[in-house]
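# Structural description and commentary
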Amino acid sequence: MTVTLEVSDGVGTIRLDRPPMNALDIAVQDRLRELAEEAGRRDDVRAVILYGGEKVFAAGADIKEMRAMDHAAMVVRSRALQESFTAVARIPKPVVAAVTGYALGGGCELALCADFRIAGSNAKLGQPEILLGLIPGAGGTQRLARLVGPSKAKDLIFTGRQVKADEALAMGLVDRVVPAAEVYEQAHAWAARLARGPALALRAAKESVDAGLETDIDTGLTVERNWFAGLFATEDRERGMRSFVEEGPGKARFL
């Protein structure tokens, strides 16, 4: 399989495995969607890692495959392309991208679908679609601008240039830079910590932040208020508050 889901200790790793560069062809896109939806459904998956392996995250779309498509074909395919990436972004659990080597075009757009991005010191990220006479089509113009701001996003999209890990960190495109050999280990530690947390509260937090970014503040506050009140009906809320009173802060166990 070109994309797999492996689960261990509450952490599901969605692994791209299409050598040599993990090009995101139609089969990979469709499989990503299937596994993102599966990870969202499975009770044994409490946090997710997106990983392309030790050498490369994903170097972009399969250009040979795209070149053979005409306008009519892409009108049909573009929706499925976006829906595959949106399925990853909407996994109702914490998601971390473990980025090594190239994360370009669709690879960068896939990393943007995560909640947190850990990059190796060897990472290079960018949206080079303009060099093909195109623009990003899997959410790059939208998620990148929301993450780093419109002017930085336009710089990357207009020029198609690649940024190294240190510049990506400075602009907020990634959240942490570590030695390349430690990327997966660090991503797993982040995911494993959250996998031990209150699953429904984490889902509420993620959906509240994401929904709030897409709407006005009053609507966002309504989303937050409804989730906040709703969590008072959960066993995790009772467990967390009881532990706080009896044992002190930060000692509750939710599994």
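My aim in this report is to walk through the structure given alongside it, one point at a time. Model, not experiment: these values are computed from the prediction. (Residues numbered from 1 in each chain as written. Predicted model: local features only at pLDDT ≥ 70, side-chain atom pairs only at ≥ 80, totals over all residues. Heavy atoms only, no water.)

### Let's talk about the sheet that holds strand S8 (residues 162–164)
Rules: A pair of strands is treated as paired once DSSP finds two or more bridges between them. What counts as a helix is a DSSP run of H or I of at least four residues, what counts as a strand is a run of E of at least two, and both are numbered from the N terminus. Only the stretch in contact is used when a helix axis is fitted, and all axes are lines through C-alpha atoms; the angle between N-to-C directions ranges over 0 to 180 degrees.
Strand order in this open sheet of three strands is S5-S7-S8, and the pairing throughout is mixed. Edge positions in the sheet fall to strand S5 (102–104) and S8, since each of these pairs with one other strand and no more. Each adjacent strand pair in this sheet contributes to an overall mean axis angle of 20 degrees, direction not counted. Summarising the sheet, S5 and strand S7 (residues 124–126) pair through three bridges and their orientation is parallel. Within S7, the position partnered with leucine 104 by the bridge is glycine 126.

### A word on unusual backbone geometry
Here the residue pair proline 19 and proline 20 is connected by a cis peptide bond, since its omega of 0 degrees sits within 30 degrees of zero. Here proline 20 shows up in the loop between strand S2 (11–16) and helix H1 (26–41). Phi at aspartate 9 is positive, roughly 55 degrees, even though this residue is not glycine. Relative to the assigned elements, aspartate 9 resides in the loop between strand S1 (3–8) and S2. The phi angle at asparagine 22 is positive, at roughly 55 degrees, despite the residue not being glycine. Here asparagine 22 shows up in the loop between S2 and H1.

### Some points on the layout of surface pockets
Sizing a probe to match a water molecule and rolling it over the atoms shows the empty space that remains. For clarity, the cut-off: Using a grid of 1 Å spacing that covers the protein atoms alone, one calls a set of points a cavity when a 1.4 Å probe fits there but cannot get out, and a pocket when the set is open and has protein on both sides within 12 Å along at least five of seven lines; lining residues are those with an atom within 4 Å of a point. Grid points are joined across faces, edges and corners, and a volume is the space filled by probe spheres set on the points. Gly is put with the polar residues, along with every residue not named as nonpolar or charged; the nonpolar set is Ala, Val, Leu, Ile, Met, Phe, Trp, Tyr, Cys and Pro, and the charged set is Asp, Glu, Lys and Arg.
If you add up the space inside the largest pocket, you get close to 1,000 Å³. For the lining of the largest pocket, the secondary-structure elements that each account for two or more residues are helix H3 (71–89), helix H5 (140–148), helix H8 (183–195) and helix H9 (199–213). Top contributing element to the lining of the largest pocket by residue count: H9, with eight residues. Within the lining of the largest pocket, the residues separate by chemical class into 18 nonpolar, seven polar and ten charged. Lining the second largest pocket are 30 residues; nearest its centre among them are Ala61, Met66, Leu81, Glu129 and Leu134. Going through the elements one at a time, H1, helix H2 (63–67), H3 and helix H4 (106–112) are the ones with two or more residues in the lining of the second largest pocket. Looking at which element gives the most residues to the lining of the second largest pocket, the answer is H3, with seven residues.

As far as function goes, none of this settles anything; it's purely spatial.
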